[in-house]
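Listed below, chain by chain, are the residues.
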Amino acid sequence: MKNNQLLIAAGAGLASGVLALGLAEVVAGLVSPSAAPIIALGDVVVDNVPAWLKTFAVSTFGTHDKVALLTVAYLIAAALSALAGVLALKGRLGTWLVLALGALAALAAATRPEASALSALPSLIGAAAGMFVLDRLIRTNRSRPPDDRRAVLGLGVVLGVGIATGGIGNWLGARLRGATASREAIKLPVPADPAPALPSGVEVGVDGMEPFLTPNADFYRIDTALSVPLLKAEDWELRIHGLVDSEVTLTWAQLVAGDLIERDLTLMCVSNEVGGDLTGNARWIGLPVAPLLERAGVRPAADMVLSTSSDGWTASTPLETLTDGRDAILAIGMNGEPLPLEHGFPVRMIVPGLYGYVSATKWVVDLEVTRFDAVEAYWTPRGWSERGPVKTGSRIDVPSNGTTVDAGKVAVAGIAWAQHRGITAVEVRVNEGAWQPATLAAEDSVDTWRQWYFAWEASSGEHRLQVRATDGDGMTQTGDEAPPAPDGATGWHEINVSVR
Ligand SMILES: Nc1nc2c(c(=O)[nH]1)N[C@H]1C(S)=C(S)[C@@H](COP(=O)(O)O)O[C@H]1N2
Ligand SMILES: [Mo]
């Protein structure tokens, strides 16, 4: 009997919690998706986790780190809701717990960089509804015998309504914010300076190799945003200020009317491990950054540009990489489409030769011309270097590690990269033997990765293959092993293959 009552109370708590979160989701859909309680609390967690935990999350869950975090958050919310239900049996403590959780989430939402005056509303309305429903459920159940089937039915109804409203809220959010519609309405302008056609032979044509240009759907995604910022191109504005003679404001209409260039650029995450897949190559359309900075009139004291996203994330980019003639752009197009929402719609920055965390700000809305000794970007106080030039590297993609192949000629192939320096040689060695030259695929540009191929005469047994690249500066990739933090992993990628 007693057990039954506890179980129903826990269920009442859970059902009220789901309803509270679902309703909060609807209000967040109207206010701002990032103001939803779990998202707001999650964002605070993301911004405050110690560096080692973030590194662990990315290395364990890779690009699924957000799903992992949200799953944990929802499990904690479920446990606390059930606890509130049990406490509510005894007195006011249960409803107070709901109120406290709601207030905490409201505080989190209200103090986010992208917060508005209404950001606390979803959590507060959710908590109020949760308290009311919990109170009603507990009261009705107290007045009934604990094995009454109507009690369970009531819980089920509340739970169902909660889940349904949550789903509606999410959908409503994306619709009402209009980001998808804004993106769908865009017809990318023809660039003034289009990319030359891909040279033939940029792909080695070995089965199992990724395409030279990464389809948008397969492009890796890394960012701190638990809910994708939903901006509309028509409302977008970029402010350029700081150590400049005159501030510049750039609207979407002005951006697309500018002299756009189209370039193939390979982007890579500093968290990419040796042999990792946190990299992609796309054909981007964008407006060069240098003329904008020139128009603003950069003061001599400046040595850095701090770019900020709509959700308050920042990157510190060395000024010289934006003005030395390389194709640093405010990108609006990715492989012939407007930027996908999760890759920074409507505008992001791309700077060839730099890891994403110091250059590739998505949903960019602000460029502050400043100094490295004046401000730190998002990842700097979290244990990453303030500067992040891409390190020369290479990877074996075929055959994959641990596979068995037939003796005889085996196609070994992969990619090598040294953005903005280019790749001049790739070498492979077998079982720590002599380094042997691989054949390079055609070069698209020095700013992209380059495929390579090696015809291996494989004899039966267990073998270890290693790869290393040499860049356009004549520097050969070091075999010294270093982890991704603080400024990019080093070491030779190796695979083990059984030959039968
Ligand atoms: N607004 C914002 N931009 C961001 C980030 C972020 O967390 N927030 N992460 C950066 C990092 S670490 C990388 S590697 C690239 C990844 O870009 P992608 O997700 O389009 O591949 O975006 C960069 N731009
Ligand atoms: Mo990154």
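Predicted, not measured: the structure shown is a model, and the values here were computed from it.

**Regarding the UniProt feature "transmembrane region" (unreviewed entry) in the chain**
- In the numbering used here, UniProt assigns the "transmembrane region" (unreviewed entry) feature to residues 66–86, 93–111, 117–138 and 150–172.
- End C-alpha atoms of residues 93–111 are separated by 27 Å, and the span's content is 95% helix alongside 0% strand.
- Annotated as residues 117–138, this span is 82% helix and 0% strand, and its ends, taken at the C-alpha atoms, are 34 Å apart.

**Things to note about the sheet that holds strand 14 (residues 423–430)**
- Strands sit in the order 12-19-18-14-15 across an open sheet of five strands; the sheet is mixed. Each edge of the open sheet carries a strand with a single partner, namely strand 12 (404–405) and strand 15 (436–437).
- Bridge count for strand 18 (residues 461–471) against strand 19 (residues 493–499) is seven bridges, and the pairing is antiparallel. Pairing of Gln466 across the sheet is with Glu494, part of strand 19.

**Concerning the sheet that holds strand 10 (residues 364–370)**
- Taken in spatial order, the five strands make up an open sheet running 2-1-10-5-6, and their pairing is mixed. Lying at the two open borders of the sheet, with one neighbouring strand each, are strand 2 (248–251) and strand 6 (314–318). Taking the axes of each pair of neighbouring strands and ignoring which way they run, one obtains an average angle of 20° across the sheet.
- Two elements, strand 5 (residues 304–309) and strand 6, share five bridges in a ladder whose sense is antiparallel. When the sheet's bridge partners are listed, Met304 is paired in strand 6 with Pro318.

**Things to note about the packing of helix 5 (residues 93–110) against helix 6 (residues 121–142)**
- At a closest axis distance of 8 Å, the pairing of helix 5 and helix 6 adopts a crossing angle of 170°. As judged from the angle between their axes, helix 5 and helix 6 are roughly antiparallel. Packed against helix 5, whose contacting residues are Gly94, Thr95, Val98, Leu99, Gly102, Ala105 and Ala106, the element helix 6 presents Ser123, Leu124, Ala127, Gly130, Met131, Leu134 and Asp135 at the interface.
- Within the contact of helix 5 with helix 6, the residues separate by chemical class into eight nonpolar, five polar and one charged.

**A few points about the layout of surface pockets**
- Roughly 570 Å³ of internal volume is contained in the largest pocket.
- What lines the largest pocket is a set of 29 residues, and nearest its centre among them are Leu21, Ile38, Leu41, Ala77 and Leu101.
- With eight residues, the top contributor of residues to the lining of the largest pocket is helix 4 (residues 65–90).

**A few points about the pairing of strand 10**
- Counted residue by residue, strand 10 has five buried out of seven residues, so it is predominantly covered.
- In terms of strand pairing, strand 1 (residues 237–242) meets strand 10 through four bridges, oriented parallel. Looking across to strand 10, one finds that His241 is bridged to Glu368.
- The sheet contact formed by strand 5 and strand 10 spans six bridges and is antiparallel. Considered in strand 10, the bridge of Ser309 is made with Val364.

Conventions we followed
Residues numbered from 1 in each chain as written. Chains lettered and ligands numbered in written order. Predicted model: local features only at pLDDT ≥ 70, side-chain atom pairs only at ≥ 80, totals over all residues. Heavy atoms only, no water. UniProt positions renumbered as here; feature names shortened; annotations may be inferred. Helix = DSSP H or I, 4+ residues; strand = E, 2+ residues; numbered from the N terminus. Pairing = 2+ DSSP bridges. Axes fitted to C-alpha atoms, helices over the stretch in contact; angles between N-to-C directions. Parallel < 35°, antiparallel > 145°, perpendicular 65-115°, else oblique. Contact = heavy atoms within 4.5 Å. Nonpolar A, V, L, I, M, F, W, Y, C, P; charged D, E, K, R; others polar. 1 Å grid on protein atoms, 1.4 Å probe; cavity = no way out; pocket = protein on both sides within 12 Å on 5 of 7 lines; lining within 4 Å. Points joined across faces, edges and corners; volume = space filled by probe spheres on them. Buried < 20%, exposed > 50% of the residue type's maximum accessible area, 1.4 Å probe, protein only.

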